[in-house]
Each structure stands twice: as structure tokens, then as C-alpha cells.
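Structural features, examined
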Amino acid sequence: MREEVSSAISYALSKGFQIHPDAFKILEKIDVKELQNVIKQIVREKAKQNLFLINQSDLKMFIESDMDSTTEDNHVILFDPTKKVTSAEGIDGFTALFTDRYSKLMKIMTQRSQSKKLTSISNITNGKLGEETYIAGLLMDRKIERDVTKLTIDDPTGSIEVLVFNKETQETANSLLMDQFLMASIASGKNGGFIVRELLVPDIPDHITNRSKTETYAVLISDLHVGSKYFLEKEFKEFVSWLSSPDPIARKVRFVLVCGDIVDGIGIFPNQDKELLLMDVNEQMAKAAELLDKIPKHIKVFIIPGNHDPGRRALPQPAIPEKHNMHLWNRENFFMLGNPSLLELNGVRILMFHGQSLDDVVGTTPGLSYAQPARAMRALLRTRHLSPIYGKRTPIAPELEDFMVISDVPDIYHSGHIHVVDLDMYKGTLIVNSGAWQSQTPFQASVGINPTPGIAVIVNLATMKVFTRDFTENSS
Ligand code: D5M
Ligand code: FE
Ligand code: ZN
């Protein structure tokens, strides 16, 4: 008998278990590297049920060839910025970025009937204002005064200031995000100036969600922060071992999506070292790899970076560079992608974006808070852009193309960063903020952020039914 097999058996016996003779034959077939883990899982699960015999059926599901082959696990990477980022320098770069943002969003807007009445801003400022005229551009400035909101809108031909008096339209105007695309119908005011009659944002259309043909589950997580004193290692290990457990849902998981902040990083904020357990980013990455490595091979793992991970900080971010995490890059079932990325899993389109810009959305929009990140994500979906606000907290690279425009409507829109699990369904798109595996840090306490760590979000891709599983001690 192989050494690994006998040590796994000894473990089970030491916990008071018996092993059915038929089970022995199967033990030999289980991947040696996973055997110890498999036995520990079974022991734990069965002990909970007061059953102390390991039989054939307990082990069968761990043999690769016995995996339910009807559970499809097709994936297509539709967009990954890693090889596309170039970063032109200086003003020229930002001009190109904003011009591309305008034209990509204009293309989306032309699907609206009102777009037939569009005219360029230079036409208006030159005095050619018809009966019903629409303009479209990016919101460059907003002044909210007592009974008027003033918007400055730019298109490639010029810039215009327009006035909003109508109370309802003012509400829309006041909730717009800076630098976002919008369309406005305008008329001449009696005392001069241009009065807004209607404001339109790109938004997503109501749509029927794509579904997987088989009952396949995707698990959405983010913000591990490995290396931080506050990383919940025990809970995360519980989660990873659940993936190879006999739980019937776990048996149908084929995808794990990790939405950034894998490690805590070094020098991300002042005095961070006081909160670190591992002081070297490569040590942090190695530790993360060691933990993630225990995810069984039949599960595909997609990883994007966040603002704490090594590599470029400005958006869009290329994948975490290979030199920091050889182990993850070298595994066949691991996919290291950039931020944002778009995937298709069994036909279901999933947009992954760490969510850095949510700080700016929450910070500049009245009524939004860190307690409900899905509402801030909904606001971004309506702008059809992942990070419109320029010049606040979120660093944006001067790319020649704006990769942050949401051109394709996703079935699932997944972010993290806020460390609070929150779910929402908007016009057929499932919005998921997948929380964190780091408990509240002193900084978060000081700004009143109450994280909900240790929870995984699980989606049945066949039905779009979504639920959470809590891996913290006081649960279950
Ligand atoms: O972000 C963790 C949480 O902390 C998330 O809710 C955003 C919030 N955060 C991050 N930086 C700031 C600043 N500078 N002010 C206010 N709130 C912030 P993480 O990316 O994991 O550090
Ligand atoms: Fe984070
Ligand atoms: Zn973050």
C-alpha cells in the first residue's frame, strides 16, 4: 500500500472511523495529493452526522473519472486587457481615451430612437437650435444651485452649459456621475441659455439572461488580503475544503471567480506594515498560491487583480505579473486575467471588475453608501462604464482605447473591493458584490465600513438562483 494511502487510513482510524472493505479499492484511485484532504473532509462531514463508517459511495465522487460528466464547464475569455494595455502619455493620451469613450457610448446610444434627432454641440453654440434637438457627450462639470442645476457637456466638436429647472430632471441630473456619457434634449430659454427638457443615460436594456444547459455552479469571492493580520485563514481554508467535500452543491461547482485583492500588498496605505503578517509581497503571493492550490483540479479558477495586488495600479490593470506567482500561472485550471475581464461560462456572460471606482461613486452620489455596494454597481451599469469619474481616488491610465466601457450587457456583474456581500437583480443582470475574507481593519472601522467577511456567493448558472454560504465559526 502506498504511504499516502496508509497515512490517510490511519487518520480516519484515529478519529474513530471504520473503513468498509469496498472503499479500499477506491482509495488507491484517488489522486495522492488530494487523498489526505479528501479523507479529512469525509471524516468531518460524517462525524457531524454521527456516522463513523467510510464506504464506497463516500469516496466515489472524488475520483476524476467518476465526476459527473454531465456538468458542463465550458469557458471562453471574451475580453482580457492584459495584452492590450499600452498607456499613451500625458494629455494626448487622455484626449484619445475620452474620444473613444464618447464614440463607444455613442454607438450604444444610437439604438435609442431619440438619437435620430442628435446634433453636434458646435451646431448649437453656432445658433442652429431646432424645435426638438438632442445633444450627447460627456459630463464635464456640474453646479447644483438652489433652483437650477448647471451641466457642462462636451462632445468632440465643443462644449456647452445647459440648465435644469424641472425638479424630476434635476434628480436625474444630480445623480449623474462626473465624466459619464449622457444625452439631453434642449430648448432655448426665454432669457437666453439652453434649458434641458429631458436627460437620457445609456443604461442597459431589459434582457433575458443566458443560462447554462447543465446545473453547474459558479462560486464568486474576492478580497482575500493574504498577508494581512486580518486575513481569515481558517475560514478560507474551510471554504477551500468545502469545494472538495461531498456536499451535493460542491460536487457541481466548476468555476471559482476571484475578484481581486488576493494579497494585502506592501505600502498600499500609510503604516500598513503594522497590519501585516507577511512583509514581502512574494511571500504573500506564495501563501495565496499554497491556499488556492488545494482547489480541486476539475474546478476552473479565474483571478483578476485589485488595488492591493502587485502590478500596475491604474485601470485597466493587466493580470498579476507572472514573476509574483509562478505557481498559479503554471496550473492548467487557473486563469490569470486583467481587471476588468469578461468571461462566458457555459454561455453565461460574467463581467469581473474589482470595483476601485465604487469609492468615487459612493463618495460623490447622494444616497449611496458602503453598506449597499450593489446599488453603486447598478449606478455604474446605468452609465455603461466601470469607472467614469476621472481625477478622484481611482487611478485611470491614459489608454488609447477606453476598455472600461460596458459594451456587452453581462448576465452577471461581479465586483468586490467594498468587503460587503450584496446582491441585486437589475433588468436581467445579476449584480454581485462578493465581500471579503478579511475582518474589519482599523482603517475600515475609522470610516465606518462594516465588512461581512467569510461568505462565498454561489450561483446556479442553469437557473441564476443565487445564495450565500457562510464559513465563519458562528454559522451553521
Ligand atoms: O478596500 C477596502 C474597503 O475600504 C472598501 O470598502 C473601500 C474602502 N476604502 C479603501 N480606501 C479608502 C479610502 N482612502 N477612503 C475611504 N474608504 C476607503 P481595499 O481596497 O481592500 O483597501
Ligand atoms: Fe479589498
Ligand atoms: Zn480593493
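A tally of helices and strands in the protein chain yields 13 helices and 19 strands. Each of the three principal axes of the protein chain carries a C-alpha extent, and together these read 90 × 50 × 40 Å. Across the protein chain, the fraction of contacts at a sequence separation of at least 24, relative to all contacts at a separation of at least 6, is 71%. A total accessible area of about 20,800 Å² is found for the protein chain, and carbon and sulfur atoms account for 51% of it. Treating the 53 positive side-chain charges of the protein chain as one cloud and the 60 negative ones as another, the clouds have centres 3 Å apart.

What follows covers the site of ligand 1. Not every one of the 14 residues close to ligand 1 is listed here, only the nearest: H225, N307, H308, H417 and H419. A distance of 2.8 Å is found between an oxygen atom of ligand 1 and a side-chain nitrogen or oxygen belonging to N307. One of the side-chain nitrogen or oxygen atoms of H419 is found 3.0 Å away from an oxygen atom of ligand 1. Bound to the protein, ligand 1 loses 81% of the 470 Å² it would expose on its own. Along the lines of polarity and charge, the residues of the shell around ligand 1 split into four nonpolar, six polar and four charged.

Where helix α3 (residues 32-48) contacts helix α8 (residues 233-243), the axes come no closer than 10 Å and their chain directions differ by 95°. Put simply, α3 runs roughly perpendicular to α8. Residues N37, Q41 and R44 of α3 touch α8, and the partners they reach there are E238, S241 and W242. Of the residues contributing to the contact of α3 with α8, the split by class is one nonpolar, three polar and two charged.

If you check helix α1 (residues 3-14), its first and last C-alpha atoms are 16 Å apart, about what twelve residues at 1.5 Å a residue would give, namely 16 Å. What α1 keeps buried is the set V5, A8, I9 and A12. Each buried residue of α1 sits inside an arc of 100° when the element is viewed along its axis, so together they form one side. The exposed residues of α1 that point more than 90 degrees off its buried face are E3 and S14. Of the residues one or two after α1, G16 is the one with positive phi, at around 85°.

All right, on to the coordination of the zinc ion (ligand 3) then. Donor atoms from the polypeptide that coordinate the zinc ion (ligand 3) comprise D261 (OD), N307 (OD1), H354 (NE2) and H417 (ND1), at 2.2 to 2.3 Å from the metal. Taken in sequence order, the residues that donate to the zinc ion (ligand 3) follow the motif D-x45-N-x46-H-x62-H. The metal-metal distance between the zinc ion (ligand 3) and the iron ion (ligand 2) comes to 3.1 Å, with D261 coordinating both. Of this pair, D261 sits in the loop between β10 (253-259) and α9 (281-292) while N307 is found in the loop between β11 (300-304) and α10 (326-330), placing the two residues 46 residues apart along the sequence.

Let us now look at the environment of F194. Along the polypeptide, F194 turns up in strand β8 (residues 194-200). Between the C-alpha atoms of F194 and G435, which are 241 residues apart in sequence, the distance is 44 Å.

A few words on the pattern of salt bridges. Evaluation of the coordinates by the stated rule reveals 20 salt bridges. Where R331 meets D293, a salt bridge forms, and the shortest distance between an N and an O atom there is 2.6 Å. In this pair, R331 is assigned in the loop between α10 and β12 (334-336) and D293 in the loop between α9 and β11, connecting sequence segments 38 residues apart. Using a relative accessible area of 41% as the deciding quantity, one classes D293 as partly exposed. Close ionic contact of R378 with D424 constitutes a salt bridge, the shortest N to O distance being 3.0 Å. With R378 in helix α12 (residues 373-383) and D424 in strand β16 (residues 421-426), the pair connects residues that are 46 residues apart, well separated along the chain.

In this structure, D223 (OD), H225 (NE2), D261 (OD) and H419 (NE2) serve as the protein donors to the iron ion (ligand 2), at separations of 1.9 to 2.3 Å. Counting gaps between the donor residues of the iron ion (ligand 2) yields the pattern D-x1-H-x35-D-x157-H. The exposure class of D223 is buried, given its relative accessible area of 0%.

This part covers the packing of aromatic side chains. Each aromatic ring pair is specified by the distance between its two centres and by the angle formed by the two planes. Taken as a whole and assessed by the stated rule, the structure comprises 15 aromatic pairs. Consider the rings of F236 and F239, whose centres lie 5.7 Å apart with planes at 50°: the pair is tilted. With F236 and F239 both in helix α8 and three residues apart, this pair spans about one turn of that helix. Ring-pair connections join several aromatic residues into one group, and the members of that group are F231, F236, F239, W242, W437 and F471. K40 extends its terminal NZ or CZ atom over the ring of Y11, reaching a point 5.6 Å from the ring centre.

What counts, and at which threshold
For every chain, the first residue of its written sequence is number 1, and the numbers climb from 1 along that sequence. A letter from A marks each chain and a number from 1 marks each ligand, given out in the order of writing. Totals for whole chains, interfaces and linings use every residue, but because this is a predicted model, local features are given only for residues with pLDDT of at least 70 and side-chain atom pairs only at 80 or more, for both listing and counting. No hydrogens and no water enter the side-chain calculation; it runs on all heavy atoms of the structure. In this description a helix means any DSSP run of H or I spanning at least four residues, a strand means any run of E spanning at least two, and both kinds are numbered starting from the N terminus. Contacts between residues were defined by any pair of non-hydrogen atoms, one from each residue, lying within 4.5 Å. In these tables, accessible area is a Shrake-Rupley quantity obtained with a 1.4 Å probe, and a residue counts as shielded only by the protein chains included in the view. Under the convention used here, Asp and Glu are negative, Lys and Arg are positive, and both His and the chain ends fall outside the count. The location of each charge is read from NZ of Lys, CZ of Arg, CG of Asp or CD of Glu. Summary of the distance rule: residues count as near a molecule or strand when at least one heavy atom falls within 4 Å of that molecule or strand. Any N or O atom pair separated by 3.5 Å or less is treated as a polar contact, with the protein-specific requirement of one donor-capable and one acceptor-capable atom, and with residues adjacent in sequence counted only for side-chain atom pairs. Under the scheme applied here, ten amino acids are nonpolar (Ala, Val, Leu, Ile, Met, Phe, Trp, Tyr, Cys and Pro), four are charged (Asp, Glu, Lys and Arg), and all others, including Gly, are polar. Angles shown run from 0 to 180 degrees and are taken between the N-to-C directions of axes, each axis being a line fitted to C-alpha atoms and, for helices, limited to the stretch in contact. For classification purposes, an angle smaller than 35 degrees is called roughly parallel, one larger than 145 roughly antiparallel, one from 65 to 115 roughly perpendicular, and anything else oblique. Under the convention used throughout, the expected extent of a helix is 1.5 Å for every residue step, that is, one less than its residue count. We call a residue buried when its accessible area falls under 20% of the maximum for its residue type, exposed when it is over 50%, and partly exposed in between, using a 1.4 Å probe and counting protein chains only. This arc is taken over the directions from the axis of the helix to the C-beta atoms. Here the term donor refers to an N, O or S atom within 2.8 Å of the metal (or 3.2 Å for Na, K and Ca), and because water is left out of the atoms, sites may appear incomplete. Any Lys or Arg side-chain nitrogen located within 4 Å of an Asp or Glu carboxyl oxygen qualifies as a salt bridge. Working definition: rings of Phe, Tyr and Trp (its six-membered ring) pair if their centres are within 6.5 Å, and the pair is stacked with planes under 30 degrees apart, edge-to-face with planes over 60 apart, and tilted otherwise. Either the NZ atom of lysine or the CZ atom of arginine qualifies as a charge over a ring when it sits within 6 Å of the ring centre and within 35 degrees of the ring normal.

Keep in mind these numbers describe shape, not what the thing actually does.
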